[in-house]
Amino acid sequence: MKQLKISKPFCQVLALGVLAGTRATSAPVITSHILSRHQSKQLSKSPLSFMQSGSVALIMKILAAGELVGDKLPNTPNRTSAGGIIGRFLSGSLAGASIYKATGKNALTGALLGSVAALGSTFGSYYLRKFTVNKTHVFDPYIGAIEDALVIGAGTGLIITA
């Protein structure tokens, strides 16, 4: 188990928030993956310590796989529906609080940064996807799959740099 070494938690949390706005489960998945492999003493005694659990990381990955499939279904509500916005807000908040707390910073500040980035990204990614579908006339689930690939690639980059 390696010690957590995030030198720029502000940037990490903003990136996680942006990913949360695109795929709700992405930020907690990436965060729990990082924290389960890079333990933090600051997080171990906090209510957020569950984010360091390998079991939680696995459960989050299963939920994320379900979201990737569910996003392509025709009756899945838009990410800008009330439930979608709340889920993304909470996702960015959880990831931000966990990273900030794990790096010895204020968890509330991390939660605010992550949630604000998630809210902005929720609407930005929604309108970008709509625009792309309208301009290219590509079937929406294909654009969603491209979106998935971008989120997975960015998430992998965040994991590698942690």
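Fair warning: this is a prediction, and the values are worked out from it, not measured in the lab.

### Brief notes about helix 6 (residues 107-136)
- Given a rise of 1.5 Å per residue, 30 residues ought to cover 44 Å, and the 42 Å separating the end C-alpha atoms of helix 6 matches this to within 8%.
- Among the residues of helix 6, the N-terminal cap falls to Asn 106, whose side-chain oxygen and the backbone nitrogen of Leu 108 are separated by 2.7 Å.
- Following helix 6 by one or two positions, His 137 adopts a phi angle in the positive range, close to 60°.

### Here's the deal with the nonpolar core
- Residues Val 13, Leu 16, Leu 19, Ala 27, Ile 30, Ile 99 and Leu 158 are the most contacted members of the largest nonpolar core, which totals 16 residues.
- A total of four residues in this core trace back to one element, the largest contributor, which is helix 1 (residues 9-22).
- Ignoring anything within four residues of it in the chain, the contact list for Leu 158 reads Gln 12, Ala 15, Leu 16, Leu 19, Ile 30 and Ile 34.
- With eleven residues, the next largest nonpolar core counts Leu 48, Met 60, Ala 64 and Ala 97 among its residues.

Rules behind the numbers
- Residues numbered from 1 in each chain as written.
- Predicted model: local features only at pLDDT ≥ 70, side-chain atom pairs only at ≥ 80, totals over all residues.
- Heavy atoms only, no water.
- Helix = DSSP H or I, 4+ residues; strand = E, 2+ residues; numbered from the N terminus.
- Expected span 1.5 Å × (residues − 1).
- Polar contact = N/O pair within 3.5 Å; in protein donor to acceptor, adjacent residues only side chain to side chain.
- Core = buried A, V, L, I, M, F, W, Y, C linked by side-chain atoms within 4.5 Å.
- Buried < 20%, exposed > 50% of the residue type's maximum accessible area, 1.4 Å probe, protein only.
- Contact = heavy atoms within 4.5 Å.

Scope: geometric values only; no functional claims are made or implied.
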